Amino acid sequence: MPAPKIDTIIGRRALAAVLDGSVARTDRATAVRYLLQLLVEKAPGNTVEVRVPPFGAVQVLEGPRHTRGTPPNVVETDADTWIALATGASTWDELYAAGVISASGTRADISALLPLRP
């Protein structure tokens, strides 16, 4: 069962709160999930799994579907890094070079999809 859709107003408020310095777990969780939701809307599919533990994981990009075990294309990062990537505060290249993004698989580079425009 897919996660419930986050209302745009609620998602934007949570993201704004985090960008304004909120450290509330609920704001951070909602902001991360909202940005993941926007990524799915922008690039639906099942080829790359994007993980932002402990708040969420989604599959994106059309192509071969993965159904069992560890997916061949995985991006994983923390909440702050995901928010920075998704909002354009930092670029994929700088954060990947800093070692705060784990990307495995031939299709795991999702930099062309970022930043998102919430």
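Every value quoted in this text rests on a predicted model; they were computed, and no experiment measured them. (Residues numbered from 1 in each chain as written. Predicted model: local features only at pLDDT ≥ 70, side-chain atom pairs only at ≥ 80, totals over all residues. Heavy atoms only, no water.)

Observations regarding the packing of aromatic side chains
Aromatic ring pairs are reported here in terms of the distance separating the ring centres and the angle at which the planes meet. For clarity, the threshold we go by: Classification of ring pairs uses Phe, Tyr and Trp, with its six-membered ring standing for Trp, and accepts pairs whose centres are within 6.5 Å; under 30 degrees between planes counts as stacked, over 60 as edge-to-face, and the remaining range as tilted. By the criteria applied, helices consist of DSSP H or I runs no shorter than four residues and strands consist of E runs no shorter than two, each listed in order from the N terminus. Exposure classes here rest on a 1.4 Å probe applied to the protein chains alone. A residue is buried below 20% of its type maximum, exposed above 50%, and partly exposed in between.
For the structure on display, the rule yields 1 aromatic pair. Their ring planes at 5 degrees and their centres at 6.2 Å tell us that Trp92 and Tyr96 sit as a pair that is stacked. Taken together, the positions of Trp92 and Tyr96, both in helix α4 (residues 92-97) and 4 residues apart, correspond to about one turn of that helix. Residue classification places Trp92 among the buried positions, given a relative accessible area of 8%. You can call Tyr96 partly exposed: its relative accessible area is 42%.

With respect to unusual backbone geometry
The omega torsion across Pro53 and Pro54 is 0 degrees, close enough to zero to call that bond cis. Along the chain, Pro54 falls in the loop between β1 (44-52) and β2 (56-60). For the bond from Leu114 to Pro115, the omega torsion is 0 degrees, close enough to zero to count as cis. Even without glycine at this site, Leu61 takes up a positive phi of about 70 degrees. On the accessibility criterion, Leu61 (18% relative accessible area) is buried.

Concerning the environment of Thr30
The cut-off we apply is this: Two residues form a contact once any of their heavy atoms are found within 4.5 Å.
Mapped onto the fold, Thr30 is located in helix α2 (residues 25-42). Judged by its relative accessible area of 21%, Thr30 falls in the partly exposed class. Distance in space between the C-alpha atoms of Thr30 and Ala98 is 26 Å, their sequence separation being 68 residues. Residue contacts for Thr30: discarding those within four places in its chain leaves Ile6, Ile10, Gly11 and Ala14.

Section: the pattern of salt bridges
Using the following cut-off: Salt bridge, as applied in this entry: a Lys or Arg side-chain nitrogen positioned within 4 Å of an Asp or Glu carboxyl oxygen.
If you walk through the whole model with that rule in mind, you get 4 salt bridges. Ionic pairing is found between Asp80 and Arg28, a salt bridge with its closest N-O pair at 2.5 Å. Remark: Arg28 occurs in helix α2 and Asp80 occurs in helix α3 (residues 79-87); sequence separation between them is 52 residues. By relative accessible area, which is 46% here, Asp80 ends up partly exposed.

Brief notes about the nonpolar core
Generally speaking, nonpolar side chains in soluble globular proteins are found buried as a group. Spelled out, the test is: Only buried Ala, Val, Leu, Ile, Met, Phe, Trp, Tyr and Cys residues count toward a nonpolar core, and they belong to the same one when joined by side-chain atoms within 4.5 Å.
Ranked by internal contacts, the top residues of the largest apolar core, which has 35 residues, are Val50, Trp82 and Ile110. Among the elements of the structure, α1 (8-19), α2, β1, β2, α3 and α4 are those that each provide at least two residues to this core. The leading source of residues in this core is α2, at 8 residues. Not counting residues within four places of it along the chain, the set of residues in contact with Val50 comprises Leu36, Leu39, Gly56, Ala57, Val58, Val60, Val75, Trp82 and Ile110.

Here we look at the sheet that holds strand β3 (residues 74-77)
The following threshold applies: A pair of strands is labelled paired if DSSP reports no fewer than 2 bridges between them. Axis lines are fitted to C-alpha atoms, over the contacting stretch for helices. Their N-to-C directions set the angle, which ranges from 0 to 180 degrees.
The mixed open sheet is built from 4 strands, whose spatial order is β2-β1-β3-β4. Strand pairing shows two members of the sheet lacking a second neighbour, β2 and β4 (101-104), which therefore form its edges. Neighbour to neighbour, the strand axes of the sheet diverge by 20 degrees on average, direction disregarded. In the sheet, β1 pairs with β3 via 3 bridges, with the strands oriented parallel. Following the sheet pairing, Arg51 is matched in β3 by Glu76.

On their own, these measurements won't tell you what the molecule is for.
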